[in-house]
Amino acid sequence: MGCGSSTTANAGGGGMPKSAADHGLGKNRNEPMSKSEVENRIECSESSRTATFGGIKVRYAFLSQRGYYPDDAHKPNQDSFSITEHFAGQDTDAFFGVYDGHGRDGDKCAHFTRDTLPGLVAKYAAKSKNREAKARAAADGSNPADPHTIELTKDQMHQCSLKAHVECNRSMHRSPALDDSLSGTTSISAYIQGRRNRITVSNVGDSRAIIGQRIRRQSSDKIGRGGSDAGTVDTSDSSTHGSLRAVPLSRDQTPYRKDERIRIRKTGARILSLDQIEGLEPVPDEDEDDGDDGGDIILGEEIDEGGDPPRVWSPHGEYPGTAFTRSFGDAIAEELGVFAEPEMITMELGPDDKIVVLASDGVFEFLTNQSVIDLCCKFNDPLAACRAVVAESYELWLQYELRTDDI
């Protein structure tokens, strides 16, 4: 996961787990690894780094812990990350990404996306800025401006990100270094544009980005007056993050979402849990499941306590069984609508935006968004916050499962 705290400079991160109940697992089990063995599975920053991107001053760190799989002791860590300062030739910009691989070649897929996607985003951003500079020069008859001085609109940024993600996915399909027929990776990225105090988050799959925003309450002398006259009072402590509200910057793309279920089923795919595939649970009528009463589970606010999520299946057999509806790779699942087109959000960062977290679902399997932000709030050092969140995730995995995911 990656964790960063920020201020504006001028204002002061395809397995099929069963639930613990299926294994008769309780909460008082012995630790499967010693502290030193756990530490040997961790890759992290030596220390938190401080950087300034235009009007945004940040401190950031990363930490990843390889999963514990009793039946596959040497399984590689399939989570990966990327950090690029001075992004796309801009001292004011940066790109952060987290990638969660799955399947036999999941680690290779995550590494491929890590090594390819940032460069493609930078390439399409540069192309868009060059076109914009030429268009402006043609409109007023002047010489083209330095493309580095051009600030792209939100729609232009989103088009750049979309093209980069689609091209990265196509390149993965062509790569001879991996087999992505039943392997792939998620991606969650944050493109910081410091000159505009702006961040663009692009999401493919079920990794997640969240932001911790300072909570302000209404002034007691304003309450009851109504209208826009109601004021706010800063309730945070000046020396710590104080109380922060977790706000999602991405939405998991899984069959829990009604809109994604409808999109996937249009390809002819089936959406069923493992128990439904095995005949242990009834199969709902698709019209009812996708109708007005077929609501969403909002992952991040809720935890999937059943441990048997809905999955995407071919109409012709029991494959591929992906628990997500978008990913890089997964060529077989792509025929069923599981593609790499990202959902994107661009927002202005202000003085109330204090913490940004990018993380794989190894963190969020048993922790809500608010729980993660609450843990981060206890620390002024991003690396210490990363360690606390990963350690808490690890403990929760061992309480409810016989193994742990990469975190």
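Here's a quick rundown of the structure. Remember, it's a predicted structure, so these values are computed and weren't measured experimentally.

### Re the overall build of the protein
Per the secondary structure count, the protein includes 11 helices and 19 strands. Counting only carbon and sulfur atoms, one obtains 48% of the accessible surface of the protein, whose full area is about 18,500 Å².

### Examining the packing of aromatic side chains
Two aromatic rings are characterised by how far apart their centres lie and by the angle between their planes. Applying the stated rule across the entire model yields 7 aromatic pairs. On the numbers, 5.0 Å between centres and 80° between planes, the contact of phenylalanine 87 with tyrosine 191 is edge-to-face. Of this pair, phenylalanine 87 sits in the loop between β5 (79-85) and β6 (93-102) while tyrosine 191 is found in strand β8 (residues 187-193), placing the two residues 104 residues apart along the sequence. Among the residues examined, phenylalanine 87 registers a relative accessible area of 2% and is labelled buried. For tyrosine 191, a relative accessible area of 4% gives the class buried. Lying over the aromatic face of tyrosine 69, lysine 75 brings its terminal NZ or CZ to 4.0 Å of the ring centre. When the ring centre of phenylalanine 339 is taken as reference, the NZ or CZ atom of arginine 263 above it lies at 4.2 Å.

### Here's the deal with the environment of glutamate 85
Tracing the backbone shows glutamate 85 in strand β5. Residues glutamate 85 and phenylalanine 53, spaced 32 residues apart in sequence, show a C-alpha to C-alpha distance of 8.5 Å. For glutamate 85, the side chain forms a polar contact with the side chain of tyrosine 60, separated by 2.5 Å.

### Re the sheet that holds strand β16 (residues 320-322)
Whether parallel or antiparallel, the strands of a sheet pair through hydrogen bonds between backbone atoms. Taken in spatial order, the 3 strands line up as β14-β15-β16 in an open sheet, and their pairing is antiparallel. At either end of the open sheet lies a strand with only one pairing partner, and these are β14 (270-272) and β16. Between one strand and the next, the sheet's axes are offset by a mean angle of 30°, whatever the strand orientation. Pairing geometry for strand β15 (residues 311-313) and β16, over 2 bridges, is antiparallel. When the bridges of β16 are listed, tryptophan 313 appears paired with proline 320.

### Some thoughts on helix α11 (residues 382-400)
For α11, which comprises 19 residues, the first-to-last C-alpha distance of 27 Å matches the rise-based estimate of 27 Å (1.5 Å per residue) to within 8%. Taken residue by residue, α11 has Pro382, Leu383, Ala385, Cys386, Ala388, Val389, Val390, Ser393, Tyr394, Leu396, Trp397 and Leu398 as its buried positions.

Thresholds applied
Residues numbered from 1 in each chain as written. Predicted model: local features only at pLDDT ≥ 70, side-chain atom pairs only at ≥ 80, totals over all residues. Heavy atoms only, no water. Helix = DSSP H or I, 4+ residues; strand = E, 2+ residues; numbered from the N terminus. Areas by Shrake-Rupley, 256 points an atom, 1.4 Å probe, with all protein chains shown as cover. Phe/Tyr/Trp six-rings, centres within 6.5 Å; stacked < 30°, edge-to-face > 60°. Buried < 20%, exposed > 50% of the residue type's maximum accessible area, 1.4 Å probe, protein only. Lys NZ or Arg CZ within 6 Å of the ring centre and 35° of its normal. Polar contact = N/O pair within 3.5 Å; in protein donor to acceptor, adjacent residues only side chain to side chain. Pairing = 2+ DSSP bridges. Axes fitted to C-alpha atoms, helices over the stretch in contact; angles between N-to-C directions. Expected span 1.5 Å × (residues − 1).

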